[in-house]
Structures are given as C-alpha cells and as structure tokens.
Amino acid sequence: MTETRTIRLLVVTAVAAERDAIAKGLGGTDSGLDAGPLRADLLAAGVGPAAAAAGAATALTAAGLRNDPYDLVITAGIGGGFLPLAPVGSLVVADAIVAADLGAESAEGFLPVETLGFGRSVHRPPQPLCAAVARALGAVRGPVLTVSTATGSAARARELSTRHPGAAAEAMEGFGVAEAAAAHGVPVLEIRAVSNAVGPRDRAAWRIGDALTALTAAFAELRDGACLDALERPEDRPEGRAGGRASDPR
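Residues numbered from 1 in each chain as written. Predicted model: local features only at pLDDT ≥ 70, side-chain atom pairs only at ≥ 80, totals over all residues. Heavy atoms only, no water.

### A closer look at the nonpolar core
By size, the foremost hydrophobic cluster in this structure holds 36 residues, and its most contacted members are Ile74, Val133, Leu137, Ile191 and Phe219. If you list the elements that add at least two residues to this core, you get β1 (7–13), α1 (16–26), β3 (38–44), β4 (72–81), β5 (91–99), α4 (127–137), β11 (188–197) and α7 (208–222). Here the element with the most residues in this core is α7; it accounts for seven residues. Setting aside anything within four residues of it in sequence, one finds Ile191 in contact with Ile74, Thr75, Ala76, Gly77, Val92, Val93, Val133, Leu137, Phe219 and Leu222. Counting 26 residues, the second largest nonpolar core, distinct from the first, contains Ala52, Ala99, Phe175 and Val186. (Core = buried A, V, L, I, M, F, W, Y, C linked by side-chain atoms within 4.5 Å. Buried < 20%, exposed > 50% of the residue type's maximum accessible area, 1.4 Å probe, protein only. Helix = DSSP H or I, 4+ residues; strand = E, 2+ residues; numbered from the N terminus. Contact = heavy atoms within 4.5 Å.)

### Considerations on the packing of helix α2 (residues 49–65) against helix α6 (residues 174–183)
Across the interface, α2 lies against α6 with an axial gap of 7 Å and an inter-helix angle of 30°. Classified by the angle their axes make, α2 and α6 are roughly parallel. Between α2 and α6 the crossing geometry is right-handed. Residues Pro49, Ala52, Ala53, Ala56, Ala57 and Leu60 of α2 touch α6, and the partners they reach there are Gly176, Val177, Ala180 and Ala181. (Axes fitted to C-alpha atoms, helices over the stretch in contact; angles between N-to-C directions. Parallel < 35°, antiparallel > 145°, perpendicular 65-115°, else oblique. Left-handed = near helix turned anticlockwise from the far one by under 90°.)

### What about the pairing of β5?
For β5, the buried fraction is high: nine of the nine residues fall into the buried class. In the sheet, β5 pairs with β11 via three bridges, with the strands oriented antiparallel. Counted as the bridge partner of Val92 is Arg192 from β11. The pairing of β5 with strand β9 (residues 140–146) spans seven bridges and is parallel. (Pairing = 2+ DSSP bridges.)

### A few points about the pattern of salt bridges
Going through the model one piece at a time under the given rule, you end up with nine salt bridges. The shortest N-O distance in the salt bridge between Glu159 and Arg156 comes to 3.3 Å. Placement of both Glu159 and Arg156 in helix α5 (residues 154–163) is noted, with a separation of three residues, approximately one turn of the helix. Here the residues in one salt-bridge network are Arg8, Arg39, Asp41 and Asp68, joined through shared partners. (Salt bridge = Lys/Arg side-chain N within 4 Å of Asp/Glu carboxyl O.)

### Some details on the layout of surface pockets
Reported here for the largest pocket is a volume of approximately 460 Å³. Considering each element in turn, the lining of the largest pocket owes the most residues, four residues, to β11. Counted by class, the lining of the largest pocket contains 14 nonpolar, six polar and five charged residues. (1 Å grid on protein atoms, 1.4 Å probe; cavity = no way out; pocket = protein on both sides within 12 Å on 5 of 7 lines; lining within 4 Å. Points joined across faces, edges and corners; volume = space filled by probe spheres on them. Nonpolar A, V, L, I, M, F, W, Y, C, P; charged D, E, K, R; others polar.)

### Focus on the side chain of Thr151
By the secondary structure assignment, Thr151 is in the loop between β9 and α5. At 2.7 Å, the side chain of Thr151 and the side chain of Glu170 are in polar contact. Setting aside residues up to four positions removed in sequence, Thr151 forms contacts with Arg156, Ala157, Leu160, Glu170, Val198 and Gly199. (Polar contact = N/O pair within 3.5 Å; in protein donor to acceptor, adjacent residues only side chain to side chain.)

### A short note on the environment of Leu33
Mapped onto the elements of the fold, Leu33 is located in strand β2 (residues 32–35). Judged by its relative accessible area of 8%, Leu33 is buried. Dropping the residues within four chain positions of it, Leu33 is found in contact with Leu26, Gly27, Gly28, Leu38, Arg39, Ala40 and Arg223.

### Comments concerning the environment of Leu145
Within the secondary structure, Leu145 is located in strand β9. Look at Leu145 and you get buried, because its relative accessible area is 0%. Contacts of Leu145, omitting those with residues within four sequence positions, involve Phe82, Val98, Ala100, Leu160, His164, Ala167, Ala169, Glu170 and Ala171.

### Description of the packing of α4 against α7
Interaxial distance between α4 and α7 falls to 10 Å at its minimum, and their mutual angle equals 115°. For the element pair α4 and α7, the recorded crossing hand is right-handed. Here Val133, Ala136 and Leu137 of α4 come into contact with α7, specifically with Ala218, Glu221 and Leu222.

Below you can see the structure in the form of structure tokens.
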C-alpha cells in the first residue's frame, strides 16, 4: 500500500468450505482477520441469491449500527466457468454481476427485468478496482452470472452464452450480495474460482478441491491490500458512503 490505510472488508460465501478456504488465504480465522491493512469479516450466508442478500444485508446493517461500516464487500466462492474463456482451476473477477434469469419469457425470447420496467439485473463493480484485482490475481475478467438453478445441459449453456455475450462464469449468490451492498452504498466485487465447466452436469469432472486451493491463493494475494489501492475512499465517492452508488446498474 502506498500509505497506511485500513480497509474494512466483508467477504460473503455460500458455504463454510469456501469461507474456510478464504480464511486460510487471509491467515485469519473462520470469522475473519483483524490485522495489517485488512480488517475482514467472513460470512457463509447460504446458497442462492436470497440467502446471500439476507446475510449480507444483516451484516452491513449491524456494522453500520456499530459505527464501523465496511469499505468493500466481496462475494466469493467456487463456480462454473464458460469454456474456453474460464477453464477449470482459473480465477474470474466479475466486471459485471448479472442476474441471468431475472425477467420474463416471451414469444420473442427472454426479457430482462429492465425491459419490463421493474428494476435492474446488472451491477458493475468499480472498474479500476476490478481491473487491479484481476491483474494481481492473474484472473479472467468478465461478467459473472447469478442463477437460481445451476446449468446442467449444453443447451442451457448455449442459451446463457448467447443471452450474455462474454460471460465468464456462473454462480448462485453474487447478485444477491450486490443488491445488499448497493442498498448500503458500499462497493462490491465478485471473485470465483472455477471448479467445473458450465454445461452438462458431470460430477466426475468437477475439481472442487483445486478450486478451493485457487480461492485460498487468491485471498493470500489480497491479504496485503496492495491491489485494493484502487478502492475509492468513502469521502472521495460522489455522494459519500451512505448515499453513493455501490455499483453502476447500466
């Protein structure tokens, strides 16, 4: 880091195995890290966007009530990678967090929720921070799709790739965490370690252990906080921490 700065970090995973892999990388406990440039709290909030949103929102609210708010939220864990962009064992940093199935079917095809006039389906993390973290981790940078049903067929994989060109990975929690972070005006990142290819469900081909090892290595790299220097200070954001937008929904 170029100057002494402590970053308050909330890391949200789906399950304990992901949380523990991250704790190992940070050199902390399963609840977090309170040393050096990072003060990190770790939360295994549950599977799916609803559980992730509820868990993240609760933690963000509690931190605010303690007058110890977070500077950054990271939603992290393992996920499926879209080949050939994100092979098994690779890391992905989301440049867009996309609710891939939030919308409606029609005779003309899928209609995203924006078309229906009901809200948003995309959060864009701070792009300079996203680029700096991807560079430090040697990660692929691209959209990460949030789904409620994991892809299990080649037809579904093609459908998602067509609907979301350049998609790098899919998981089940990112958009929920991003919604909670946005409600609190806190920036969000998503980091995924690829355990399987998006496509036909083939448990024999999954490499969950390798993906968890990659997740540990990623957070070991983040531990000194250097690549997080691109994170704006709350006072430097256009409307400050409480009112500033955590992400750009465009």
